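# A structural walkthrough
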Amino acid sequence: MEPKNRTRIPQLGKFLDRAEFIGLNRQSLTEITRKLFEEIRNDTITLSPDTDENRLVQLVLSRLDFLCQDLLVPLINATGIVLHTNLGRSPIEKSILDEMQESIGNYCNLEFDITNGKRGERYGHLTKKLSFLLGCEDAIVVNNNASAVFLILNTFASGKETIVSRGELVEIGGSFRVPDVMHASGTQLKEIGTTNKTKASDYLNAITPETAIMMKVHRSNFSIVGFTQEVPFEELIPLAQSKNIIDYYDAGSLSLYDAPYLGDEISARKLFEFAPSLVSFSGDKLLGSVQAGIIAGKKELIKKIKKNQLLRMLRVDKLTMAVLEKTLTRYIKHGPNAIKTHKLLSKSLKCMETQSDIILSHVTHKHKLSIGKTSTYAGGGSLPQHQIESLALIIDDHPKNAENMIKKLRNNGLIARIEKDHVVLDMRSIDDEELLNVASILNTVFEEHQ
Ligand SMILES: *Cc1c(COP(=O)(O)O)cnc(C)c1O
């Protein structure tokens, strides 16, 4: 059979010397070109008969571009869920990222004490700020809250027992299962109570000489309603401490301060007034920062955690430290209103109305949109039942078209949700800077949709 390709294959070295390739990595170009030439030789690629050397250069360059495409792309979150785990959870203020460039773009004092010129403490930078904000004795930061849970249990309860209520043996998105993490840490899980009811006496009756920790886990993504009873962590603290057992709360999300959108959820400030032994929570949930696990509590316990070899594997890098430190600084100096997550969660209906109006004023086919009240959730495993009022732009379209519409928006980088068969753009999770972008995506999609 006659070969399909009649393209003349140039000599590799000469081909790679072409001006179009100057400044590019020759190693990468060699691999891409070899592969292309091989495909031509084996007829596994079909090229038009007029393919010349210039066209081959274009092919190599487009394959290089394809490889170098950013896989992590920006999206506009119009789902209304502010802490959307699939969309990167907490947004980070752009100015924080800009400042980071200055502080850690080059060398920095990550583990260096400038005063005495000796090796310094990696966590020192964060501890001072966390202790001030939380009102705790000491704190340490690890990779995420899952690591925090693991590290705490491993440090204090490996080979010993940890008491947990049956109603709190939860699974959190991305397969974080409390019983499995406990098992991996080396502690023996001692389940107490029933699914719907756990009493203080259940904790007390479960104590043995092997008991190391009384652990409470925030239910995060579900609620138990009806005939229920649980022991709040504030009550567990004195209970455990009177028996010389460590009280520990995996708080999951946790807001530093009280806020109307928190419902009856306890804030970190309030929690630490009860002098707990240990609390851990995520950096990228209600705190509104970067992925991290924050462990806070008694100094002597944190000291022991710092001695655990595993900390070396779970520690955070300077990028994380810089974002977290700058977020905490904002809290200290300006309060929660300087944090993007909180700005979004506390946004008023009036403000969202203005946002909708701005979008509408830039959309050509205005008649396709209407404004309506809706409700959403904070997300990220915080406040599972607590609805937050919100405002949305509703796309007036045949219900049959909703799936198709949401897909078109998604392909343009706008993630919406469907409510009662209509696509809605929830303003709760949309930032002012994104409004014109939203309008332009709507214009593009409505044009195609004609
Ligand atoms: C979210 C959550 C975790 C996991 O936290 P990551 O920071 O995602 O590792 C653990 N426990 C609870 C209760 C949570 O809500």
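In case you missed it, the structure is sitting above this.
What you see is a predicted model, and the numbers here were worked out from it, not measured in a lab. (Residues numbered from 1 in each chain as written. Predicted model: local features only at pLDDT ≥ 70, side-chain atom pairs only at ≥ 80, totals over all residues. Heavy atoms only, no water.)

### Quick look at helix α4 (residues 94–104)
- Turning to α4, its buried residues are Ile 96, Met 100 and Ile 104. Buried residues of α4, viewed axially, fall in a sector of 45°; they line one side. Within α4, the exposed residues directed more than 90 degrees away from the buried face are Lys 94, Gln 101 and Glu 102.
- On the buried face of α4, the contacting elements are α13 (318–334). (Buried < 20%, exposed > 50% of the residue type's maximum accessible area, 1.4 Å probe, protein only. Helix = DSSP H or I, 4+ residues; strand = E, 2+ residues; numbered from the N terminus. Arc of directions from axis to C-beta. Contact = heavy atoms within 4.5 Å.)

### Here we look at the packing of aromatic side chains
- By the definition in use, this model includes four aromatic pairs.
- Aromatic side chains Tyr 257 and Tyr 331 sit 6.1 Å apart centroid to centroid with 45° between the ring planes, which places their arrangement in the tilted category. Here the residue Tyr 257 occupies a position in the loop between β10 (246–252) and α10 (268–272), and Tyr 331 occupies one in helix α13, the gap between them amounting to 74 residues.
- Residue Tyr 257 is classed as partly exposed on the basis of its relative accessible area, which comes to 26%.
- Among the aromatic residues, those joined into a ring-pair cluster are Phe 15, Phe 21 and Phe 37.
- Sitting over the face of the ring of Phe 227, Lys 197 holds its NZ or CZ atom 3.8 Å from the ring centroid.
- In this structure, Lys 368 is placed above the aromatic ring of Phe 446, and the distance from its NZ or CZ to the ring centre is 5.5 Å. (Phe/Tyr/Trp six-rings, centres within 6.5 Å; stacked < 30°, edge-to-face > 60°. Lys NZ or Arg CZ within 6 Å of the ring centre and 35° of its normal.)

### Remarks on the site of the ligand
- Taken together, 13 residues lie around the ligand, and Ala 146, Ser 220, Asp 250, Ser 282 and Lys 285 are the ones closest in.
- The side chain of Ser 220 places a nitrogen or oxygen atom 2.5 Å from an oxygen atom of the ligand.
- Every element with two or more residues in the shell around the ligand is listed here: α6 (145–157) and β10.
- The residue inventory of the shell around the ligand, partitioned by class, reads four nonpolar, six polar and three charged. (Near = heavy atom within 4 Å. Polar contact = N/O pair within 3.5 Å; in protein donor to acceptor, adjacent residues only side chain to side chain. Nonpolar A, V, L, I, M, F, W, Y, C, P; charged D, E, K, R; others polar.)

### Focus: the pairing of strand β4 (residues 138–142)
- Where burial is concerned, most of β4 is hidden: five out of the five residues are buried.
- Neither face of β4 is open: one carries Asp 138, Ile 140 and Val 142, the other Ala 139 and Val 141, and all of them are buried.
- Examined bridge by bridge, β4 and strand β12 (residues 293–297) share five bridges and lie antiparallel to one another. By the bridge assignment for β12, Asp 138 is matched with Gly 297. (Pairing = 2+ DSSP bridges.)

### Regarding a nonpolar patch on the surface
- Where nonpolar side chains cluster on the molecular surface, the patch consists of Val 73, Leu 75 and Leu 87 and spans about 230 Å² of accessible area.
- Position of Leu 75 relative to the elements: it lies in the loop between α3 (53–68) and β1 (76–77). (Patch = residues over 30% accessible without salt bridge, like charges linked within 9 Å, V, L, I, M, F, W, Y side chains within 5 Å. Areas by Shrake-Rupley, 256 points an atom, 1.4 Å probe, with all protein chains shown as cover. Salt bridge = Lys/Arg side-chain N within 4 Å of Asp/Glu carboxyl O.)

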